[in-house]
Amino acid sequence: IAGGSSVVDVRQLAGQVIRPEELFQLDPGVYARSTGTANDSRLSIRGSGIQRRYGSRGITLLVDGMPANDSDGSYYFRIFDPQSISYMETLRGGNGMRYGSSQLGGAIQIHQKNGISDPGTQLKLEYSSFETYRVHIESGGSQGEWDWYAGYSYADSDGYRDHQNWASHHFTANLGYHWNDENVTRFYTLFSDSDALLSGGITPEEFKDDPTQASPGQHEDTDRDLSTFRLGQVTRWKTASGSWKFYTNYQTLDFDHLTGFGNYAYNNLVDYDTDTFQIGLSGSHEYSFAGLDHTLYTDFSADYGKNEVGGFSGFVTPFTSAGINDRDDISRNVKLYVENDTLIKEKHHFIAGLGYIWADRKREIGANDTNSTAFEH
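These numbers come from a predicted model, not from an experiment.

Caption draft 1: Broad picture of the overall build of the chain. The number of helices and strands found in the chain is two helices and 19 strands. The buried share of the chain, taken over its 377 residues, is 49%. Contacts spanning at least 24 positions in sequence make up 61% of the contacts within the chain whose residues lie at least 6 apart. With the model as given, the accessible surface of the chain reaches about 18400 Å², and the carbon-plus-sulfur share is 56%.

Structure below.
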């Protein structure tokens, strides 16, 4: 690919990786750091990656060609198990356009293990400091036109600081049917559940006194929990002059995040239940024109998502009022990208791309909502 891109062979790192951020430790231009919990990571490519306290933005995340962002553009990298990833591609900036990326940061594509790339059965047992341990078992193989892979991981840690315990379950599986040597349909499923307590911030004086302590005002129940289920299929086929890909994908996400301090009345509870449906078609076509070789890339996708927002707010700011959240945020998107790659001469390309996005956002206020007046203004 002409431009900034890189490939990370995760299988060479799998035994050294506990936190997802460690997958990017040698990837130039990518900033990856844990947030309040060790099993959560914020990603930024070339400075782009609009962040908030929960969820990441600014990057298009793909899994074997299927978008992994929710319809509002956010994503959670923590739902993917490094042990079940074969390799990753980082496509910085405009290099992600051919993969349907509208984000300034570009795209990150995860390629999961399958029965062709990773046959056999493995069992891994790991133990480390702070009562950290991980168990991973996987098995893959092929028979005739079929191949299969399944992997499960459980990890648990007490953490370096007080009130920093976390635990995670990951199950990843896929089943491939090969119509012939060049055409394949693969079905995917993923389940991820991760729970983490939050230590909160401390002052420099408190750090000098005891760097392992939790915030003195931290509520004992403050946490950040995320459960995700994905189900999808990708069908790929080749033509005389290129290739095509058709995918359908469904993802449901349950996110609960209690944050605050002291008395329960001064806490916030973020309760998101999100469902996203996606469909897409993309392809490449090689042709010659004006004595030069060209490759035309096209990508079409449409998605629909509904985020049921619950919980409550105990904080009062100029933008929010204390009360109960009861609303539905609905997102619909249609995206179309066209890119032409012209080979001028060896190692020199001229690439031109054009993208169109139609996006619709709608908020429906529930009867029990007492916390949306400020938002409506």
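Caption draft 2: Structural context of the nonpolar core. Counting 29 residues, the largest nonpolar core has Phe24, Leu43, Leu61, Phe77, Phe80, Met88 and Ile110 as its most contacted members. Listing elements by their share of this core, those giving two or more residues are strand S2 (30-34), strand S3 (41-45), strand S4 (60-63), strand S6 (85-92), strand S7 (106-112), strand S14 (242-259) and strand S15 (268-289). Ignoring anything within four residues of it in the chain, the contact list for Phe77 reads Pro20, Leu23, Phe24, Leu43, Leu61, Met88 and Ile110.

Caption draft 3: Focus on the layout of surface pockets. The volume enclosed by the largest pocket comes to roughly 810 Å³. Of all the secondary structure elements, the ones that give two or more residues to the lining of the largest pocket are S6, S7, strand S11 (166-178), strand S12 (184-197), strand S13 (223-238), S14, S15 and strand S16 (292-313). For the lining of the largest pocket, the class distribution of residues is 10 nonpolar, 17 polar and 11 charged.

Caption draft 4: Main features of a nonpolar patch on the surface. Taken together, the side chains of Leu123, Leu125, Tyr127, Tyr133, Val135, Ile137, Tyr152, Phe171, Phe191, Phe229 and Leu231 make up a nonpolar region of the molecular surface, amounting to roughly 1000 Å² of accessible area. Broken down by secondary-structure element, the contributors of at least two residues to the nonpolar patch are strand S8 (120-128), strand S9 (132-143) and S13. Mapping Ile137 onto the fold places it in strand S9. A relative accessible area of 43% means that Ile137 is categorised as partly exposed.

Caption draft 5: Structural view of the environment of Asp72. You can see Asp72 is positioned in the loop between strand S5 (66-67) and S6. Assessed through its relative accessible area of 26%, Asp72 is described here as partly exposed. For the pair Asp72 and Lys306, spaced 234 residues apart in the sequence, the C-alpha separation amounts to 9.0 Å. Looking at Asp72, its side chain comes within polar contact range of the side chain of Ser74, at 2.8 Å.

About the cut-offs
Residues numbered from 1 in each chain as written. Predicted model: local features only at pLDDT ≥ 70, side-chain atom pairs only at ≥ 80, totals over all residues. Heavy atoms only, no water. Helix = DSSP H or I, 4+ residues; strand = E, 2+ residues; numbered from the N terminus. Buried < 20%, exposed > 50% of the residue type's maximum accessible area, 1.4 Å probe, protein only. Contact = heavy atoms within 4.5 Å. Areas by Shrake-Rupley, 256 points an atom, 1.4 Å probe, with all protein chains shown as cover. Core = buried A, V, L, I, M, F, W, Y, C linked by side-chain atoms within 4.5 Å. 1 Å grid on protein atoms, 1.4 Å probe; cavity = no way out; pocket = protein on both sides within 12 Å on 5 of 7 lines; lining within 4 Å. Points joined across faces, edges and corners; volume = space filled by probe spheres on them. Nonpolar A, V, L, I, M, F, W, Y, C, P; charged D, E, K, R; others polar. Patch = residues over 30% accessible without salt bridge, like charges linked within 9 Å, V, L, I, M, F, W, Y side chains within 5 Å. Salt bridge = Lys/Arg side-chain N within 4 Å of Asp/Glu carboxyl O. Polar contact = N/O pair within 3.5 Å; in protein donor to acceptor, adjacent residues only side chain to side chain.

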